[in-house]
Amino acid sequence: MTSFNPADKGRHKKLILIWSITFLVLFPLLITLGLLMRMNQGEMIQLDHDTFYALMTLHGLGMAGVLFSMAWAALFYLLGTRYIKLNTGVGYAVYALVVAGAIGLAIATLVGKFAAGWYMLYPLPFKNPSWPGWTTGLSIVSLILMGVAWLVGCLHVVHNLSKEYGGLANLLGWQYLGKEKPAKDIPPIALITTVSLVPGILSFLIGAALLIMYLLQLLEPSLSYNVLIQKNMMFFFGHTLVNITMYCGVAWMYTLLPEFTGREWKLNKLTVYAWNATFLFIVFAYFHHLYMDFVQPAPLQFAGQVASFLSAIPATAVTLFGLIAQLYRSNVKWGVVPMAFLLGGAGWAVGGCAAVVDSTIAINKVLHNTLWVPAHFHTYMLMGVVLFILAFLFYMGSKEKGEPLSPRTSFGFWLFVAGAYGFLLMFYLGGLNSIPRRMSEYASSGIDHVHGTGASLAYAAALCVFLVLAGLLMMYASLFGGLLKKEAAR
Ligand code: HEM
């Protein structure tokens, strides 16, 4: 059994404080970029196309990067202070590389107007770009820095978990599948971290290979590659990154919520089967991004639909059932932490259902490239992952369980949730009205319905985003106060 001394814990606390403050600063800035996009689409302001797509690129890459980094950091803290030895030096190296990458991306997009989107798909970023070549180089190098940071960080965590629990098979809980009781219990956080980070490691390797291919093409423009393979590589990387960010948040819910309900949340055969299904199928789920690519081999399209269902449904079902079993008649004190976990689980379910709908081939034919797509992933990122992160941050800053919140913080929390669902609803309505995604403004579509409905929905969405920002800022005094408090008990 690993022992933890106060000095170890102090080092981890300092590191997670730095990550948390960085997250709390960057998150509203990235929301502001989204607000500007919605205001432009709603014709409240006028941005030129180059600026809109540069903001969209930074917003997409920034949000995905910041949320994954914060999720990894939260796991690093919880695992490193309770279950395994982790080297905080590695944590600082990851932080430094991620920050360097973020600065590079901010310069490339805000100064150089790099605007190829997070996906940089052919013919982007090389054919007739509206941005100078140096911005493409800087973006690629910045992404490589972040990818290397995440790769190192995830390898370090998985390696040490594996050392503590006796290998990958144990970490995946296979000893629970036999008749005998396992010799050593595996905490759910260890299993879900493994299920998330191992595919993550694979996706970072593929992402790094792709970025190096791009870099070579930048240096030698006569080089060309199979663009279908490149698209497969890009979506494997991007889809997996966002998907595992969600699962990291779920992992710490299994650890922290029982402290509030007083009920154990342990592994059993069913949870092991469900999370192993995710482990097996998560790497094939991204195929659902390529349904419109008629040259993609047909069996892969069908595999994409099956893998999307199998990777998502079992783990979601057992976790949400577990969440309800944790809370039902548990006498939990309804502070912000259990509430954020409950609503985060709900956001995961709502966004997950919308995702499974969209990954069904017959439906995807209609919804593809409409605002339904940002609707579903914004739901589980904003009302899933972000709520799990807020639960973690409030937990870190609280002195005791069920500590009452100031009325301002409670009001801010509910304003944030209400504003976010209003903002999301406008995306869903946009999808149902066939409003295309990624349009800087709708007038140039030349279709009255797209212009009128698209702009009105965007206008309403922008008003909701103001509420999101106001709610978030109202929570800040208590979040910062809690995190910076010396006597916070965590
Ligand atoms: C209130 C908060 C947010 C606002 C106002 C916002 C706004 C937007 C808008 C307007 C778009 C462009 C949609 C389109 O027309 O296609 C967008 C795209 C995107 N957002 Fe957000 N967003 C928010 C939160 C998030 C979060 C939490 C994430 C986390 C991953 C995220 C990731 C993305 C990504 C990856 C794109 C796609 C860019 C693309 O299509 O390449 N956003 N967001």
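Before any of the text, the structure's been laid out above.
Because the structure is predicted, anything quoted here is derived from the model rather than measured. (Residues numbered from 1 in each chain as written. Predicted model: local features only at pLDDT ≥ 70, side-chain atom pairs only at ≥ 80, totals over all residues. Heavy atoms only, no water.)

1. Focus on empty space enclosed by the protein
Any empty space left between atoms is shown by rolling a water-sized probe over those atoms.
Then comes step 1: One pass over the structure, following the stated rule, counts 2 cavities of 30 Å³ or more.
Then comes step 2: One number sums up the size of the largest cavity: a volume of about 40 Å³.
Then comes step 3: For the largest cavity, the full set of lining residues is L143, I144, G147, V148, F204, G207, A208, L211 and F237.
Then comes step 4: Listed by contribution, the elements that provide at least two residues to the lining of the largest cavity are α4 (133-165) and α6 (188-219).
Then comes step 5: Size it by volume and the second largest cavity reaches roughly 30 Å³. (1 Å grid on protein atoms, 1.4 Å probe; cavity = no way out; pocket = protein on both sides within 12 Å on 5 of 7 lines; lining within 4 Å. Points joined across faces, edges and corners; volume = space filled by probe spheres on them. Helix = DSSP H or I, 4+ residues; strand = E, 2+ residues; numbered from the N terminus.)

2. Observations concerning the pattern of salt bridges
Then comes step 1: For the coordinates displayed, the defined rule picks out 6 salt bridges.
Then comes step 2: As a salt-bridge pair, E164 and K184 come within 3.3 Å of each other at their nearest N and O atoms. Here the residue E164 occupies a position in helix α4, and K184 occupies one in the loop between α5 (168-171) and α6, the gap between them amounting to 20 residues.
Then comes step 3: E164 gets classed as partly exposed once you look at its relative accessible area, which sits at 21%.
Then comes step 4: A relative accessible area of 39% means that K184 is categorised as partly exposed. (Salt bridge = Lys/Arg side-chain N within 4 Å of Asp/Glu carboxyl O. Buried < 20%, exposed > 50% of the residue type's maximum accessible area, 1.4 Å probe, protein only.)

3. Focus on the packing of helix α2 (residues 49-82) against helix α12 (residues 372-397)
Then comes step 1: At their nearest, the axes of α2 and α12 sit 11 Å apart, and the two run at 40 degrees to each other. With respect to the hand of their crossing, α2 and α12 are arranged in left-handed fashion. Residues H59, L67, M70, A74, Y77, L78 and R82 of α2 form the contact with α12, whose own contacting residues are H378, M381, V385, V386, I389, F392, L393, Y395 and M396.
Then comes step 2: Taken together, the residues of the contact of α2 with α12 break down into 13 nonpolar, 2 polar and 1 charged. (Axes fitted to C-alpha atoms, helices over the stretch in contact; angles between N-to-C directions. Left-handed = near helix turned anticlockwise from the far one by under 90°. Contact = heavy atoms within 4.5 Å. Nonpolar A, V, L, I, M, F, W, Y, C, P; charged D, E, K, R; others polar.)

4. With respect to the coordination of the iron atom of the ligand
Then comes step 1: Within the protein, H59 (NE2) and H378 (NE2) serve as the donor atoms for the iron atom of the ligand, at 2.0 Å.
Then comes step 2: For the iron atom of the ligand, the 6 donor atoms are set out with angles of 88 to 179 degrees between them, so the coordination reads as octahedral. Linking H59 in helix α2 with H378 in helix α12, this pair joins segments that are 319 residues apart in sequence.
Then comes step 3: We classify H378 as buried; its relative accessible area is 17%. (Donors = N, O, S within 2.8 Å, 3.2 Å for Na, K, Ca; no water. Tetrahedral: all angles 85-135°; square planar, octahedral: opposite > 155°, others 65-115°.)

5. A few points about the layout of surface pockets
Then comes step 1: As a volume, the second largest pocket reaches approximately 490 Å³.
Then comes step 2: Within the residue set of the lining of the second largest pocket, elements represented by two or more residues are α1 (6-41), α2 and α3 (88-111).
Then comes step 3: With 8 residues, α3 is the largest single contributor of residues to the lining of the second largest pocket.
Then comes step 4: By residue class, the composition of the lining of the second largest pocket is 19 nonpolar, 4 polar and no charged.

6. Quick look at the packing of aromatic side chains
Then comes step 1: Summed over the entire model, instances satisfying the criterion amount to 27 aromatic pairs.
Then comes step 2: A centroid spacing of 4.8 Å and a plane angle of 35 degrees characterise the contact between W72 and F76, whose relative ring orientation is tilted. One end of the pair is W72 and the other is F76, both in helix α2 and 4 residues apart, which spans about a single turn.
Then comes step 3: Since its relative accessible area comes to 2%, W72 is described here as buried.
Then comes step 4: Among the residues examined, F76 registers a relative accessible area of 2% and is labelled buried.
Then comes step 5: Through a chain of ring-to-ring contacts, three or more aromatic side chains come together here, namely W19, W72, F76 and Y95. (Phe/Tyr/Trp six-rings, centres within 6.5 Å; stacked < 30°, edge-to-face > 60°.)

7. Re the site of the ligand
Then comes step 1: Near the ligand there are 24 residues, and of these Q41, H59, Y119, H378 and R438 occur at the shortest range.
Then comes step 2: Between the ligand and H378, the relevant distance is 2.8 Å, taken from a nitrogen atom to a side-chain nitrogen or oxygen of the residue.
Then comes step 3: In this structure, an oxygen atom belonging to the ligand sits 3.1 Å away from a side-chain N or O atom of R437.
Then comes step 4: Of all the secondary structure elements, the ones that give two or more residues to the shell around the ligand are α1, α2, α12 and α13 (407-432).
Then comes step 5: Within the shell around the ligand, the residues separate by chemical class into 16 nonpolar, 5 polar and 3 charged. (Near = heavy atom within 4 Å. Polar contact = N/O pair within 3.5 Å; in protein donor to acceptor, adjacent residues only side chain to side chain.)

That's the geometry; what it means functionally is another story.
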